[in-house]
Amino acid sequence: MTCLQTRVYSQHEIYHTSLPNTYRSQIMAKPVIGFIGLGLMGSNMVECLQKNGFELNVMDLNKDAVAAVVARGNATEATSAAELAAASDIVMLCLTTSEVVEKLVYAEDGILAGIKEGSVLIDFGTSIPASTRKIGADLASKGAGMVDAPLGRTPAHAKDGLLNIMAAGDKEVFDKVKPVLDVQGENIFYLGALGAGHTTKLINNFMGMTTVCTMSQAFAVADRAGVDRQQLFEIMSTGPSNSPFMQFCKNYAVDGVSDLGFSIANANKDLGYFLEMAKDLGTRAQIAEGTSANLQAAFDAGMGDGNVPEIFDYFLKLEK
């Protein structure tokens, strides 16, 4: 009989570095998870984890969201990020900006102050890669790992564990948390060194949001030119320009249905991060500058809470 068969390890022992590597790699079914960020996406991710039997420590400024998670059972509210990190094997973040992530990591009662040796921090948000790599290095100095794992798809997919997850980090750290990522996502992409996930997500969002802005402006110019928007869509959608993004733009510009589920404010933030990343890489992204300028103008016009295809309204009113 092997040692694995005669010894039952606690969830915390499984992720502690004092445990032999063979056991850490084989017993990973139910680590204790700390989750910070219970917005629409985060709340649905947590619900998925709860449905799959994970024990959670949670934290959010929205106390109603916290109460809803705790009411489902097997979840505890943490009073600080340090407390949450100390009580968790994996700490997951689903937050809005790099600035918020850094504040939670580096605060006096933050994640870095409480995280245990052998634990892993996963950042599911869209962050600046240079910030991610800095946090990863500081966590490594405490014997903890990090994976950047930005998301694709919608909150509805999150509830059902069907997200696309773009993960990066040390391969051993990634392998350690992959069984949990497999619960949360249908497609898990391993992209290499820490920061590659956030880099890929920013490139993806640059492409996607530029496409939405371009198509929305095409509909607005067509309207000014007296071209029927429905007919324009029918013509364009039969050619290589057709895409799900075109459908989202048509849904709003033609049918008045705003269903993309990604705000102008978030798109504006992500394009800013993309430009910052391009600058860090020693290059200039002029197409992204144009997209960013339009998103910023729409945001300044009070449209930040609207879904990105609603930028059509901004373009429709735009004067030379």
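Above this text is the structure in question.
Reference entry: report on the structure contained in this document. Being a predicted model, the structure only gives us computed values, none of them experimental. (Residues numbered from 1 in each chain as written. Predicted model: local features only at pLDDT ≥ 70, side-chain atom pairs only at ≥ 80, totals over all residues. Heavy atoms only, no water.)

### Structural notes on the sheet that holds strand S9 (residues 185-190)
What counts here: Two strands form a pair only when DSSP identifies at least two bridges running between them. Secondary structure elements are defined from DSSP: runs of H or I of at least 4 residues count as helices, runs of E of at least 2 residues count as strands, and each element is numbered from the N terminus.
The 3 strands lie next to each other as S7-S8-S9, forming an open sheet whose pairing is mixed. Each edge of the sheet is formed by a strand with only one pairing partner; in this case those strands are strand S7 (151-152) and S9.

### What about the environment of Thr97?
Note the following rule: Two residues qualify as a contact provided that any one of their heavy atoms is within 4.5 Å of a heavy atom in the partner residue. Polar contacts here mean pairs of N or O atoms no more than 3.5 Å apart (in protein, one a potential hydrogen donor and the other a potential acceptor; neighbouring residues in sequence count only if both atoms are side-chain atoms).
Position of Thr97 among the secondary structure elements: in the loop between strand S4 (90-93) and helix H7 (98-106). Through-space distance from the C-alpha of Thr97 to that of Ser241 is 32 Å; in sequence the pair is 144 residues apart. For Thr97, the contacting residues outside a window of four places in its chain are Lys269 and Tyr273. Among the polar contacts listed, one links the side chain of Thr97 to the backbone nitrogen of Val100, at a separation of 3.1 Å.

### Observations concerning the packing of aromatic side chains
Think of a pair of aromatic rings as described by two things: how far the centres are apart, and how the planes are tilted against each other in angle. Defined as follows: Each Phe, Tyr or Trp ring, with Trp reduced to its six-membered ring, pairs with another whose centre is within 6.5 Å; inter-plane angles below 30 degrees give stacked pairs, above 60 give edge-to-face pairs, and intermediate values give tilted ones. Accessibility here uses a 1.4 Å probe with only protein chains present; expressed as a share of the type maximum, an area under 20% marks a residue as buried, one over 50% as exposed, and anything in between as partly exposed. Look at NZ for Lys and CZ for Arg. If either is within 6 Å of the ring centre and within 35 degrees of the ring normal, a charge sits over the ring.
By the definition in use, this model includes 4 aromatic pairs. Arranged with centres 6.5 Å apart and planes meeting at 75°, the rings of Tyr252 and Phe312 form a pair that is edge-to-face. Of this pair, Tyr252 sits in helix H14 (residues 244-253) while Phe312 is found in helix H17 (residues 311-317), placing the two residues 60 residues apart along the sequence. Here Tyr252 matches Phe312 in class, with each residue buried. Over the face of the ring belonging to Tyr190 we find Lys171, whose NZ or CZ atom lies 5.6 Å from the ring centre. Its end group placed over the ring of Phe233, Lys250 keeps NZ or CZ at 5.4 Å from the ring centre.

### Details of empty space enclosed by the protein
The line we're drawing: A cavity here means a set of 1 Å grid points, computed over protein atoms only, where a 1.4 Å probe fits but cannot escape. A pocket is an open set with protein on both sides within 12 Å along at least 5 of 7 lines, and lining residues have an atom within 4 Å of a point. Grid points are joined across faces, edges and corners, and a volume is the space filled by probe spheres set on the points.
Applying the stated criterion across every chain yields a total of 1 cavity of 30 Å³ or more. Its boundaries defined by the atoms lining it, the largest cavity holds a volume of some 30 Å³. As for the largest cavity, its lining consists of Met215, Ala218, Phe219, Leu232, Met236 and Met246. Elements represented by at least two residues in the lining of the largest cavity include exactly helix H12 (196-225) and helix H13 (229-236). By residue number, the principal contributor to the lining of the largest cavity is H12, which donates 3 residues.

Everything listed here is a matter of coordinates, which is why it stays silent on function.
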